[in-house]
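What follows is each chain in one-letter form.
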Amino acid sequence: MSTPQEASVPVSQPEGTRAGRVVAGRRRGAGKRFLVVGDVLDGVLVQTTAHTIGVHDPAAVIRHRPTGAAGNTAAWLGWLGAEVDLVARVGVDDVYRHERSLEDAGVRPHLRYDAMTSTGVVVSVRNDSGRTAMSDPAASGKLTAADVPDAVARRADIVHLTGHAMLGGGADRIAALVARARTGPARVSLDPSSAAIVRSVGAPAFLEALAGVDVLFPGRQEALELTGSTDLDDAVRRLTEHVPLVVVTVGADGVLVGRRGRSVHRVAATPATVVDTVGAGDAFAAGFVRAWATDPVRVGAAAREGTRVAARALGFVGGRPPV
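Residues numbered from 1 in each chain as written. Predicted model: local features only at pLDDT ≥ 70, side-chain atom pairs only at ≥ 80, totals over all residues. Heavy atoms only, no water.

**Comments concerning the overall build of the protein chain**
So, point 1. Helices and strands together make up the secondary structure of the protein chain, namely eleven helices and 15 strands.
So, point 2. Against the 2.2 N^0.38 benchmark of 20 Å for 323 residues, the protein chain shows a C-alpha radius of gyration of 18 Å, consistent with a compact globule.
So, point 3. With the principal axes as the frame, the protein chain shows a C-alpha extent of 55 × 45 × 40 Å.
So, point 4. The 323 residues of the protein chain split such that 54% are buried.
So, point 5. In the protein chain, once contacts between residues fewer than 6 apart in sequence are set aside, the share between residues at least 24 apart is 70%. (Helix = DSSP H or I, 4+ residues; strand = E, 2+ residues; numbered from the N terminus. Rg over C-alpha atoms; globule rule 2.2 N^0.38 Å. Buried < 20%, exposed > 50% of the residue type's maximum accessible area, 1.4 Å probe, protein only. Contact = heavy atoms within 4.5 Å.)

Okay, here's the thing in structure tokens:
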């Protein structure tokens, strides 16, 4: 959802502080509470010139960052000034470190820990040909609906479910998480996270588990995998038979917005200088749900806000805003 050219992104005037820092205006999402449920991981981000196995690259740039789709989305919501809770699982030795990182981003963490399993890890390797990623879900893969405190779910206005590790637990786990999210008045959004997760769960079972979801955020490949279609517009229309609002991110081509009974609407990407693509989709989801929480009718405006936040994310290394 970006193009590799420079462009300015408008900044709202500061209206308050959070976690000891100035935050953007809160008109969008004002008074709403967000809950993000999913994965918090340790990330190893590698930028290399190597193209084949066996090549030693002594000049590779390697960075360690806290990451994970849920942690990233929550951090961007906090950075935007939203009131946001996060439920996730990490290894027992990493609770304080991840809590501190999330709190610095303005997030209220509810981290469960597992004394027998370490924090999940994702390794992202990028060269001038593209990017590949390998992940070990570890503790994040054990997250279930029982980990979500009932009181936290009940006070949320929007619950966002995301993450390879969590959603890879199967259709029953997805359905249980959606049911827990709906224990209160919240609207529910879900990011399928990857086509590999859809394949592992099975498209029919995955779609059935989405009962009760209000907005779905698939990427291009997830949308095609979920429907078996080869045409993206057709895939969006098919998905609206299961979820009332479908928002498909298609990188530099922007966003496709589908609503049940309406034609597919296209929203252009916000131009950006691309430093790192990790977490851009998570940032988009944060920008979208923050705007959508206040005005659920103007979904085109929410999508444009999502592309603006994604453009910001593309300018940083790692999936989270600088704090």
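Past the structure itself, the notes keep going.
**Some thoughts on the packing of aromatic side chains**
So, point 1. Using the criterion set out here, one finds six aromatic pairs in the structure.
So, point 2. Ring plane angle 35 degrees and centroid distance 6.3 Å describe the contact between Phe 288 and Trp 292, whose orientation is recorded as tilted. Of the two residues, Phe 288 and Trp 292 are both situated in helix H10 (residues 280–294); the distance of four residues between them amounts to about one turn of the helix. As far as the burial class goes, Phe 288 and Trp 292 line up, both buried.
So, point 3. A connected cluster of aromatic rings, assembled from ring pairs, spans Phe 217, Phe 284, Phe 288 and Trp 292.
So, point 4. Here Arg 187 stacks its cationic end above the ring of Trp 292, 4.5 Å away from the centre of that ring. (Phe/Tyr/Trp six-rings, centres within 6.5 Å; stacked < 30°, edge-to-face > 60°. Lys NZ or Arg CZ within 6 Å of the ring centre and 35° of its normal.)

**Some remarks on the layout of surface pockets**
So, point 1. A volume near 1200 Å³ is recorded for the largest pocket.
So, point 2. As for the largest pocket, its lining consists of 46 residues, and the residues nearest its centre are Arg 131, His 164, Ser 193, Gly 279 and Asp 282.
So, point 3. At the level of secondary structure, the elements contributing two or more residues to the lining of the largest pocket comprise strand S4 (41–47), helix H1 (69–79), strand S8 (121–127), strand S9 (130–136), helix H4 (164–167), helix H6 (195–201), helix H8 (220–227) and H10.
So, point 4. Among the elements that line the lining of the largest pocket, the one with the most residues is S9, at six residues. (1 Å grid on protein atoms, 1.4 Å probe; cavity = no way out; pocket = protein on both sides within 12 Å on 5 of 7 lines; lining within 4 Å. Points joined across faces, edges and corners; volume = space filled by probe spheres on them.)

**Some remarks on unusual backbone geometry**
Negative phi is the rule for most residues except glycine; trans is the rule for most peptide bonds.
So, point 1. Non-glycine residue Ala 138 carries a positive phi angle of around 45 degrees.
So, point 2. Tracing the backbone through its elements, the reader meets Ala 138 in the loop between S9 and helix H3 (150–154).
So, point 3. The buried category is assigned to Ala 138, whose relative accessible area is 14%.
So, point 4. Of note in the backbone geometry, Ser 193 takes a positive phi value of approximately 80 degrees without being a glycine.
So, point 5. Within the element layout of this structure, Ser 193 appears in the loop between strand S11 (187–190) and H6.

**Some details on the sheet that holds S4**
So, point 1. Read from one edge of the open sheet, four strands run S5-S4-S8-S9, paired in mixed fashion. Two strands close off the open sheet at either side, each with one partner strand: strand S5 (61–67) and S9. Between one strand axis and the next, the sheet turns through 20 degrees on average, direction left out of account.
So, point 2. Here S8 runs beside S9; their pairing, made up of seven bridges, is antiparallel. Its bridge partner being in S9, Asn 127 is matched across the sheet by Gly 130. (Pairing = 2+ DSSP bridges. Axes fitted to C-alpha atoms, helices over the stretch in contact; angles between N-to-C directions.)

**So, the sheet that holds strand S7 (residues 107–114)**
So, point 1. The mixed open sheet is built from nine strands, whose spatial order is S7-S6-S3-S10-S11-S12-S13-S14-S15. In this open sheet, the two strands that pair with only one neighbour each are S7 and strand S15 (265–267).
So, point 2. Where strand S3 (residues 33–37) meets strand S10 (residues 158–161), four bridges bridge the pair, whose relative direction is parallel. Following the sheet pairing, Val 37 is matched in S10 by Leu 161.
So, point 3. Its contacts with the sheet put helix H11 (residues 299–313) on strand S13 (245–249), strand S14 (255–259) and S15, and the angle it makes with S14 is roughly 155 degrees.

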